[in-house]
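Working through the structure, step by step
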Amino acid sequence: MRSNLPLFLGFKEIWRNKARFALVIGVVTLITVLVLFIAALSEGLGAGNREYIATLDAELLVYQEAADLTIGASQMPANLTRSLRRVEGVAAVGPVGFSTGSVVRVGEPLDVALIGVQPGQPGVPPVREGVTFSRPNAREAIIDANVAEQAGFKLGDLITVRSVQGEDENSYQVRVVGIAPSRKYGIQPSIMLPADTWERVRAKPAIADVQGAPAFNVAAVRLSDPQQREAVAARIAGRVKDVVAVDLKTAYENTPGYTAQQSTLSTQSGFTLLIGLLVIGGFFQIQAIQKIAQIGMLKAIGASNRTVAAAFIFQVVIITTIGVLVGALAAFGLSLALPSVVPVQFEPAQVLTAVLLLLAIGPIGGAVAVRSLLKVEPLTALGLTS
Amino acid sequence: MAIALEAKHVVKEYMVDGSTLTAVGDVSLQIAAGEFVALVGPSGSGKTTLLAMLAGLLAPTSGQIAIAGRELSAMKEAERTRFRREKIGFTFQANNLVPYLNVQENVELMLQLNRNTSAAGRARAKDLLARLGLGQRLHNLPGQLSGGQQQRVAIARSLIHDPAIVLADEPTASLDTERAFQVVETFAELIHEEGRAGVMVTHDLRMCTHVDRVIHMTDGVIDRIYTSRHDILALAQGEAIHEVPVS
């Protein structure tokens, strides 16, 4: 029966001081919401930046060397793909061009990333509905799931894509032949176009460029042996002039702002966890200080340090667990209530890590308080110290 | 009667700024089962320090203390803690009760500590509380009770687990005179009826009316002991304390 005494004491104190403990549970809940929301936002923004590149059906991305791994600055001539294909270990090369535009829909136009790809080559996403491109100059489009959802487009729809070319904004009509899974780029939903169509539709800074030779930004390279990534990258750099090849992770980490954005959000999460640790630790330390006389009395009448500590730890665990569970549910509910344009995305492994960390901050924060309780002398019940 | 508590040449010294301060100096005493003893004396006379040593809460610098035949200094800390919850009952001047446990739970706490939450034990807790006039207050929290009622709950808790000795530190300090007399009278009745040994530290000599012996301390040593009913009543009523012969 004595083994239940810590639970009995811990539970009774919570039950008979519901308002005080509810306040702390509320704080843990808010911290949990904040941590999970920042984590989801971080994941959502990160995915919005890297999704297209991270899910490419290729192992390497080749840039113009002078572009310093900046996709927008990298300009490569169309015939470069032939040189890349000749490198030993390269199985396929797909030129990929990135631009921005908008699609006409009911209400406001929807800003999109316009991605030009070579049919049948790396860079063309798999379609979950419909078919892929028929030829490079087809007036066809594969829209990603975000465009389909936000613009309400369906297979077979004729959609109008607008882009700024020189001083004009031009419109082009393309037919939706396929719908791909989410493939955001630059935190925008994306529309994939066949290479020649993309070349006509893409945004161009000056009139002269409109007449310029076809070009693309980077080349997606699929390898015969995906394990030979580094060796083939080195071979490409050695055999093809003025280019550099990197793996996909390096590529998306060099997307403008990606690393800074992710580290900023990680820092925010870390600080929120630290604040949680201090708040919970502070609460339990105050609680411990307030209970010194009571703990002294309990020890004087024969309660062991183990009983006192176990009752306290039970409270910490209960409060933290309830707070974290309610917070996790609230964060999930909040994400459902937010409009789909807010890039929150829960990644199970990340959520699990955050929840485990949040569950740990209670016991860690309460550890100092437990130490204080263990040091209380039963003599304090008589107003004495040793 | 059997000896419930025996202290032999108990000394407690502290080092203060390099010099030795004697809080209790060479105290020896015996208390029998069923005997209720008051430990009195001015502030700083060492009575609370002696009580702490009798309770096994403070180790004497020298000397031996035995309760129910068990030598306290021979026990390790964990064993002493277990011995306290099994063989000693306590009431304190303040902070006696666990504030978030109701009256019945506070009393049964001693049973829980001793792993004895039998139906008989719980029934005894209710009977004891009813006897102390708290039968209608079983589900009240300490904050809903008067000071006297809280002390009566503490008395019930100090007796519920069948201890060999009950130690009370200034149990009436925060009570008005009428309630203080009621508490001490009840305490004395239960100690006598149940055959416990009882030691009460008090600075209020009037509270000695119901005790069997008064031990007076000054500067850490016992300087007078009153054993006759006449002397104790005279002391309690404030009559010519210096004329009472030292036993």
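What comes next concerns the included structure.

What counts and what doesn't
- Residues numbered from 1 in each chain as written.
- Chains lettered and ligands numbered in written order.
- Predicted model: local features only at pLDDT ≥ 70, side-chain atom pairs only at ≥ 80, totals over all residues.
- Heavy atoms only, no water.
- Helix = DSSP H or I, 4+ residues; strand = E, 2+ residues; numbered from the N terminus.
- Rg over C-alpha atoms; globule rule 2.2 N^0.38 Å.
- Contact = heavy atoms within 4.5 Å.
- Areas by Shrake-Rupley, 256 points an atom, 1.4 Å probe, with all protein chains shown as cover.
- Lys, Arg positive; Asp, Glu negative; His and termini not counted.
- Charge placed at Lys NZ, Arg CZ, Asp CG, Glu CD.
- Buried < 20%, exposed > 50% of the residue type's maximum accessible area, 1.4 Å probe, protein only.
- Buried area = accessible area lost by both parts, 1.4 Å probe.
- Salt bridge = Lys/Arg side-chain N within 4 Å of Asp/Glu carboxyl O.
- Polar contact = N/O pair within 3.5 Å; in protein donor to acceptor, adjacent residues only side chain to side chain.
- Pairing = 2+ DSSP bridges.
- Axes fitted to C-alpha atoms, helices over the stretch in contact; angles between N-to-C directions.
- Core = buried A, V, L, I, M, F, W, Y, C linked by side-chain atoms within 4.5 Å.
- Phe/Tyr/Trp six-rings, centres within 6.5 Å; stacked < 30°, edge-to-face > 60°.
- Lys NZ or Arg CZ within 6 Å of the ring centre and 35° of its normal.

**Topic: the overall build of chain A**
Helices and strands together make up the secondary structure of chain A, namely 12 helices and 12 strands. Computed over C-alpha atoms, the radius of gyration of chain A comes to 29 Å, more than 25% over the 21 Å expected from 2.2 N^0.38 for 386 residues, which places it beyond the range of a compact globule. Dimensions of chain A, computed from the C-alpha atoms along their principal axes, are close to 95 × 50 × 35 Å. By sequence separation, contacts in chain A at least 24 residues apart represent 78% of the contacts at least 6 residues apart. For chain A, the exposed area adds up to about 17,400 Å²; of that, 60% sits on carbon and sulfur atoms. Charge separation in chain A, taken as the distance between the mean sites of 32 positive and 28 negative side-chain charges, equals 11 Å.

**Quick look at the overall build of chain B**
A count of helices and strands for chain B gives 7 helices and 10 strands. Over its C-alpha trace chain B gives a radius of gyration of 18 Å, about what one expects of a compact globule, namely 18 Å for 247 residues. With respect to the three principal axes, the spread of C-alpha positions in chain B is 50 × 45 × 40 Å. Considering chain B as a whole, with its 247 residues, one finds that 54% of them fall into the buried category. In chain B, the proportion of contacts linking residues at least 24 apart, taken out of those at least 6 apart, comes to 69%. As presented, chain B carries roughly 10,200 Å² of accessible surface, and 48% of it is formed by carbon and sulfur atoms.

**Points about the interface of chain B and chain A**
Listed per partner, the contact involves 30 residues of chain B and 26 residues of chain A. Counting the surface lost from both chain B and chain A, the interface buries some 2,700 Å², and carbon and sulfur atoms represent 67% of this. Considering only the side of chain B, the residues that lose the most area to chain A are Tyr100, Gln112 and Leu113 of chain B, jointly responsible for 27% of the buried surface there. Across the chain B-chain A interface, the total number found is 2 salt bridges. Between glutamate 105 of chain B and lysine 12 of chain A there is a salt bridge; the shortest N-O distance is 2.8 Å. Inspection of the region where chain B meets chain A yields 7 residue pairs in polar contact (both at pLDDT 80 or more). Taken together, the elements giving at least two residues each to the side of chain B that touches chain A come down to α1 (47-54), α2 (77-87) and α3 (103-113) of chain B. No other element matches α3 of chain B, which puts 5 residues into the side of chain B that touches chain A.

**Description of the sheet that holds strand β2 (residues 19-32) of chain B**
All names here are of chain B. Here 4 strands make up an open sheet; going across it, the order is β2-β1-β4-β5 and the pairing antiparallel. Strands at the two margins of the open sheet, each flanked by one partner only, are β2 and β5 (70-71). Where strand β1 (residues 3-16) meets strand β4 (residues 62-67), 5 bridges bridge the pair, whose relative direction is antiparallel. Across the sheet, glutamate 6 pairs through a bridge with alanine 66, a residue of β4. Set on the sheet, α1 makes contact with β1, β2 and β4; between it and β1 the angle comes to about 120 degrees.

**Structural notes on the nonpolar core**
One broad trend across soluble globular proteins is that nonpolar side chains are buried collectively. Ranked by size, the top nonpolar core spans 121 residues in total, and within it Ile301 of chain A together with Leu50, Leu109 and Val214 of chain B carry the most contacts. For this core, the element with the most residues is helix α11 (residues 305-337) of chain A, which contributes 8 residues. In this view, leucine 109 of chain B contacts Leu5, Leu9, Leu298 and Ile301 of chain A together with Val98 and Leu101 of chain B; residues no more than four positions away in its chain are not counted. With 27 residues, the next largest nonpolar core counts Val117, Phe133, Met192 and Ala251 of chain A among its residues.

**Quick word on the packing of aromatic side chains**
Residue and element names in this part refer to chain A. Summed over all chains, the structure comprises 10 aromatic pairs over all chains. Summarising the aromatic geometry, the rings of phenylalanine 332 and phenylalanine 346 are spaced 6.2 Å apart at their centres and angled 55 degrees between planes, so their arrangement reads as tilted. Linking phenylalanine 332 in helix α11 with phenylalanine 346 in the loop between α11 and α12 (348-375), this pair joins segments that are 14 residues apart in sequence. Take phenylalanine 346: its relative accessible area is 27%, and that puts it in the partly exposed class. Through a chain of ring-to-ring contacts, the aromatic side chains of Phe21, Phe283, Phe284 and Phe312 assemble into a single cluster. Lysine 18 extends its terminal NZ or CZ atom over the ring of tryptophan 15, reaching a point 4.1 Å from the ring centre.

**A closer look at the pattern of salt bridges**
Enumeration over the complete set of coordinates arrives at 20 salt bridges over all chains. Among the charged side chains, a network of salt bridges with common partners joins Arg124, Asp162, Glu194 and Arg196 of chain B.

**Side note on the sheet that holds strand β6 (residues 88-91) of chain B**
All names here are of chain B. Here 6 strands make up an open sheet; going across it, the order is β6-β7-β8-β3-β9-β10 and the pairing mixed. Only two strands of the sheet have a single neighbouring strand rather than two, namely β6 and β10 (221-226). Averaged over all neighbouring strand pairs, the angle between strand axes comes to 20 degrees, with direction disregarded. Of the strand pairs in this sheet, strand β3 (residues 36-40) and strand β9 (residues 213-218) are connected by 4 bridges, and their pairing is parallel. Residue pairing for β9: leucine 39 is matched across the bridge by isoleucine 215. Along the sheet face, α1 touches β3, β6, β7 (165-169), β8 (197-201) and β9 and points at about 150 degrees away from the line of β7. On the sheet, helix α6 (residues 177-194) packs against β3, β6, β7 and β8 and is oriented at approximately 135 degrees with respect to β3.

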